[in-house]
Amino acid sequence: MTQKILITSALPYANGPLHFGHLAGAYLPADCYARFQRLMQQDVLYICGSDEYGIAITMSADLAGRTPKEHVDIFHHINRDFFHKLQISFDHYSRTTWEGHVEPTHQFFNDLFANGFIEERTTDQLYSESDHKFLADRYVVGTCPRCAFETARGDECPRCGASYEATELKNPRSKLTGSPLVRRPTKHWFLLLDKFKSRLMDWLQTKNWKPNVINFIKGYIDNLHPRAITRDSNWGISVPLPDSEGKVLYVWFDAPIGYISATKEWALLKGNPEEWKDYWMDPKSKLVNFIGKDNIPFHASIFPAMVMGQNQPYKLVDELPANEFYNLEGRQFSKSDGWYIDLEDFFQRYTSDQIRYAIASNAPETSDSEFTWKDFQLRCNSDLLGKYGNLVNRVLVFIRNQCDGIIPDLGDLEEQDQVFLNQIQSLVDQAAASYASFKVRRASQVFMELAQLGNIYFDGKKPWQDAKNEETRSRMKTTLACCIECLKALALISFPVIPKTANQLWHLLGYQGDIALVDWNRVKVEKVTAGQKILPPQILFQRVEDEAIEYEVQKLQQLSAAQKSKSVPIPAPAPAAITPLKPAIDIEDFRKLDLRVGVILKAEPVPKSKKLFKLFVDIGVEQRAVVAGVGEFYKAEDLIGRKVVVVANLKPAVLMGIESQGMLLAAKQESSLEILFVEGIDPGGIVS
């Protein structure tokens, strides 16, 4: 039975060009899933669009000497073209500045306000007396309240990673002019998220999402609190209340509503304005939000709370396959640091299928992963060229030379042939199960296993020997017919990841039409028609040479160095007094320590203590309560979901009446403290 599946990818912010790190999180996995479900004959609607409001955009536009609308127009088109080059198969790509986005955003606000989930509050905010206006956090710099870094941002410290309100900064000043800022009272509206805690927890119990999502969001929901949803600005969706001049809705409030408004625009352009309801208001439809790790709080708690609090029967998200971070050569992608890949330059030398496969086969599904040029070369040469392309070429060339380009009949199957055909069917089923469960990395492994299986079978049957004698030519033809079945399956199951190459292979086999339009289950069972004429063989992939990779790595280093030379160096703080070294110990003394990676599931302040937190930490083998004196430097909600190093074999100690079953590793210097965080290692991993 056909099911309606509404797929969304996180709306990219129209404030700069996208990079491969974004692709790995929310777009390539969603595209693979959408392509697969279309092959399964499901009713798929894949929606996305540009997120175009927010203070960061006004600030970038100011610096560039453009209006905000001119600014977002530029990056809307740049990013839309980027998706086109990478063959991301959106059914519609919208933008939040289209006029139809206002109505559903106001509907959400009005319903939540009428239902008692939004209230007006007056709070102190940072005001620039020289500019005669309030400044949002992105316009503010100051001294970090956690680590004393002197040029911390208004919402987050780039040195220690702490997040906070701009009003917590010490010595706050304008990022644009450097003028000092003062506190002044101003009116804003707050979404009372704490009222949704129990409903969100009950709803979350019905979900079988990935552990990294569930573990993170449970702690986040437990710490929900009222959150401001308006800002002082003239760029954004207006607040639909009297006496709200100069106020707009905060971008995080209106952006996820963009999924709904984009679907409305799609229906409008189709000429059926009400069709969007078939996806958003039918309980039987399936809603899948593809996002990156940093968007989990908004899609797993804040937007669901907004949906729960308004009056329309909108769908709540059914599946949330959030991915971890994707880095570049050991560091985060960063345009400002010059640590990125120039996409225009990339596509002059490489293909979209090469990068799609390189990312998919190393997708950050359960932990952070990274793109390296050497790994890219290995996957292109060893897998795409050496396994996939090699099998296609050798089989089709052999058929062209020995069978006049005509696909032979299967004939009489030997046991080896039947085993091979059964293995093909098994791998097709494994690929389907992987795509259906959002395991793109495993699906990529499966179709490469199929290519390798075909090469092994071809080598084992030695059709070149059977071609020499008339008595064995029928055996040769059976071998080739079985190989064609393998290539047909290979085109089918690789299509979601490398669509251009898979479609090219499909046509080489003599099929008409686009493989995107076929029925997966029908292609799986129907044998290729004997007598079908293949097209002349073509080289599907080019080798990536060592010289090309050396050039790319050198270019990356040069780009980063050039960017650093442009940056104004930040004066380093005065060196702190260094604590003398402790007496030397034997290596056996060190080996007695059991240091384990753990993930913080929950964090809560210890009553009557200014600095102690009670942390619930999963160290792989079990969960433990650990009391840590970090409350002066971190907020509880900032620690949830972070991976830390735990001294796991420390004898329990009672602190403030609570038994602490371990200790976190942290670095301390004078009045600052930094916990040692881990990125790529799973809980339970040994630190040595």
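This is a predicted model, so every value here is computed, not measured. (Residues numbered from 1 in each chain as written. Predicted model: local features only at pLDDT ≥ 70, side-chain atom pairs only at ≥ 80, totals over all residues. Heavy atoms only, no water.)

Caption draft 1: Quick look at the overall build of the protein chain. On a plain count of helices and strands, the protein chain comes out with 22 helices and 26 strands. With the C-alpha coordinates of the protein chain rotated into their principal frame, the extents come out at 95 × 75 × 50 Å. For the protein chain, the residues scored as buried account for 54% of the 688 residues in total. Long-range contacts, defined here as pairs at least 24 residues apart, represent 75% of the contacts in the protein chain between residues at least 6 apart. Carbon and sulfur atoms make up 51% of the accessible area of the protein chain, which amounts to about 31200 Å² in all. Treating the 79 positive side-chain charges of the protein chain as one cloud and the 86 negative ones as another, the clouds have centres 2 Å apart. (Helix = DSSP H or I, 4+ residues; strand = E, 2+ residues; numbered from the N terminus. Buried < 20%, exposed > 50% of the residue type's maximum accessible area, 1.4 Å probe, protein only. Contact = heavy atoms within 4.5 Å. Areas by Shrake-Rupley, 256 points an atom, 1.4 Å probe, with all protein chains shown as cover. Lys, Arg positive; Asp, Glu negative; His and termini not counted. Charge placed at Lys NZ, Arg CZ, Asp CG, Glu CD.)

Caption draft 2: Just the pairing of strand β9 (residues 182-191), in detail. Sheet topology note: the strand β4 (residues 118-128)/β9 ladder contains ten bridges and is antiparallel. Bridge assignment links D124 to a residue of β9, and that residue is P185. Relative to strand β10 (residues 227-228), β9 runs antiparallel, the two being bridged by two bridges. Pairing of F190 across the sheet is with A228, part of β10. (Pairing = 2+ DSSP bridges.)

Caption draft 3: A look at a nonpolar patch on the surface. Together, I585, I587, F590 and L593 make up a nonpolar patch on the protein surface, roughly 380 Å² of accessible area in all. Relative to the helices and strands, I587 resides in helix α21 (residues 587-591). A relative accessible area of 46% places I587 in the partly exposed class. (Patch = residues over 30% accessible without salt bridge, like charges linked within 9 Å, V, L, I, M, F, W, Y side chains within 5 Å. Salt bridge = Lys/Arg side-chain N within 4 Å of Asp/Glu carboxyl O.)

Caption draft 4: Structural detail: the UniProt feature "binding site: ATP" (unreviewed entry) in the protein chain. This chain's UniProt record puts "binding site: ATP" (unreviewed entry) on K335. Mapped onto the secondary structure, K335 falls in the loop between β14 (326-328) and α11 (343-346). Residues contacting K335, with those up to four places away along its chain left out, are P17, Y340 and Q563. (UniProt positions renumbered as here; feature names shortened; annotations may be inferred.)

Caption draft 5: Highlighting the packing of aromatic side chains. Considering all chains together, one arrives at 46 aromatic pairs under this definition. Seen from their ring centres, Y250 and W252 are 6.1 Å apart, and the 55° between their planes marks the pair as tilted. For the pair shown, Y250 and W252 are each scored as buried. Connected via pairs of aromatic rings, a cluster forms that spans F20, F346, F347, Y350, F371, W373 and F376. It is K4 that lies over the ring of Y279; its NZ or CZ is 4.9 Å from the centre. (Phe/Tyr/Trp six-rings, centres within 6.5 Å; stacked < 30°, edge-to-face > 60°. Lys NZ or Arg CZ within 6 Å of the ring centre and 35° of its normal.)

Caption draft 6: Inspection of the UniProt feature "binding site: Zn(2+)" (unreviewed entry) in the protein chain at higher detail. Under the feature "binding site: Zn(2+)" (unreviewed entry), the UniProt entry names C144, C147, C157 and C160. Over a stretch of 17 residues, the named residues converge on one spot in the fold, their C-alpha atoms separated by at most 8.8 Å. Among the structural elements, C147 can be located in the loop between β6 (140-143) and β7 (152-153). Note on C147: relative accessible area 9%, which makes it buried. The contact partners of C147, leaving out residues within four places of it in the chain, are C157, R159, C160 and S672. Each residue touching C157, except ones within four places of it in the same chain, is listed here: C144, C147, F149, A152, A162 and Y164.

Caption draft 7: Summary view of the pattern of salt bridges. One pass over the structure, following the stated rule, counts 36 salt bridges. Here R95 and E52 are joined by a salt bridge, their closest N and O atoms 2.9 Å apart. Taken as a pair, R95 in strand β3 (residues 92-95) and E52 in the loop between β2 (43-50) and α2 (55-64) lie far apart in primary sequence, 43 residues in all. One exposure class covers both R95 and E52, and it is buried. A salt bridge links R95 to D73; the nearest nitrogen and oxygen atoms lie 2.5 Å apart. Separated by 22 residues along the polypeptide, R95 in strand β3 and D73 in helix α3 (residues 68-85) bring together distant segments of the chain. Classification of R95 as buried rests on a relative accessible area of 18%. Beyond isolated ion pairs, a larger network of salt bridges with shared partners links E52, K69, D73 and R95.

Caption draft 8: Molecular detail of empty space enclosed by the protein. If you walk through the whole model with that rule in mind, you get three cavities of 30 Å³ or more. When its volume is computed, the largest cavity comes out at roughly 40 Å³. What lines the largest cavity is W280, L287, N289, F303, P304, V307, K315, L316 and V317. At the level of secondary structure, the elements contributing two or more residues to the lining of the largest cavity comprise β13 (286-290) and α10 (296-309). Considering every element that reaches the lining of the largest cavity, the biggest residue donor is α10, with three residues. (1 Å grid on protein atoms, 1.4 Å probe; cavity = no way out; pocket = protein on both sides within 12 Å on 5 of 7 lines; lining within 4 Å. Points joined across faces, edges and corners; volume = space filled by probe spheres on them.)

Caption draft 9: Examining the sheet that holds β13 more closely. Read across the open sheet, the four strands follow the order β3-β2-β1-β13; overall the sheet is parallel. Taken across any chain shown, the strands that pair with only one partner, and hence form the sheet edges, are β3 and β13. Adjacent strand axes in the sheet meet at a mean angle of 25°, parallel and antiparallel pairs treated alike. As defined by bridge partners, strand β1 (residues 4-9) adjoins β2 across five bridges and the pair is classed as parallel. Bridge assignment links I7 to a residue of β2, and that residue is Y46. Against the sheet, α3 contacts β2 and β3, and its axis sits at roughly 165° relative to β3. Against the sheet, helix α8 (residues 258-270) makes contact with β1, β2, β3 and β13, and its axis sits at roughly 115° relative to β2, the strand it touches most. (Axes fitted to C-alpha atoms, helices over the stretch in contact; angles between N-to-C directions.)

Caption draft 10: Representation of the environment of L664. If you trace the backbone, L664 turns up in strand β22 (residues 663-664). In this structure the C-alpha to C-alpha distance between L664 and R596, which are 68 residues apart in sequence, comes to 9.7 Å. If near-sequence neighbours (up to four positions away) are discounted, L664 is found in contact with L615, V626, A628, V644, V645, V646 and I675.

Caption draft 11: Expanded view of the side chain of T478. Residue position: T478 is located in helix α17 (residues 473-494). Non-local contacts of T478, meaning those with residues more than four positions away in its chain, are made with D409, L410, G411, D412, L413, D417 and Y457.

Caption draft 12: Up close: unusual backbone geometry. One non-glycine residue with positive phi stands out, namely Q87, at about 60°. Along the polypeptide, Q87 turns up in the loop between α3 and β3. Judged by relative accessible area, Q87 falls into the buried class, the value being 19%. At E329, a residue that is not glycine, the phi angle is positive and equals roughly 50°. Here E329 lies in the loop between β14 and α11.

Caption draft 13: Layout of the nonpolar core. Membership of the largest hydrophobic core comes to 169 residues, with the highest contact counts inside it found for F20, F253, M306, Y388, F447 and W520. Contact partners of F447, with chain neighbours within four places excluded, come to Y357, Y388, Y435, L490, I493, S494, V497 and I498. (Core = buried A, V, L, I, M, F, W, Y, C linked by side-chain atoms within 4.5 Å.)

Caption draft 14: Highlighting the sheet that holds β4. The four strands are arranged β5-β4-β9-β10 in an open sheet whose pairing can be described as antiparallel. Whereas interior strands pair on both sides, the edge strands pair on one side only; in this sheet they are β5 (133-134) and β10.

Caption draft 15: Representation of helix α15 (residues 440-461). Between the first and last C-alpha of α15 there are 32 Å, a value that for 22 residues agrees with the 32 Å anticipated at 1.5 Å per step. One or two positions beyond α15, positive phi appears at K462, with a value near 50°. (Expected span 1.5 Å × (residues − 1).)

Caption draft 16: Spotlight on the packing of helix α14 (residues 415-436) against α15. Direction vectors running N to C along α14 and α15 enclose 170°, while the axes themselves pass 8 Å from each other. Classified by the angle between their axes, α14 and α15 sit roughly antiparallel to one another. Contacts between α14 and α15 pair Q416, D417, F420, Q423, I424, L427, Q430, A431, S434 and Y435 from the former with R442, A443, V446, F447, E449, L450, L453, G454, Y457, G460 and K461 from the latter. Of the residues that constitute the contact of α14 with α15, the class distribution is eleven nonpolar, six polar and four charged. (Parallel < 35°, antiparallel > 145°, perpendicular 65-115°, else oblique. Nonpolar A, V, L, I, M, F, W, Y, C, P; charged D, E, K, R; others polar.)

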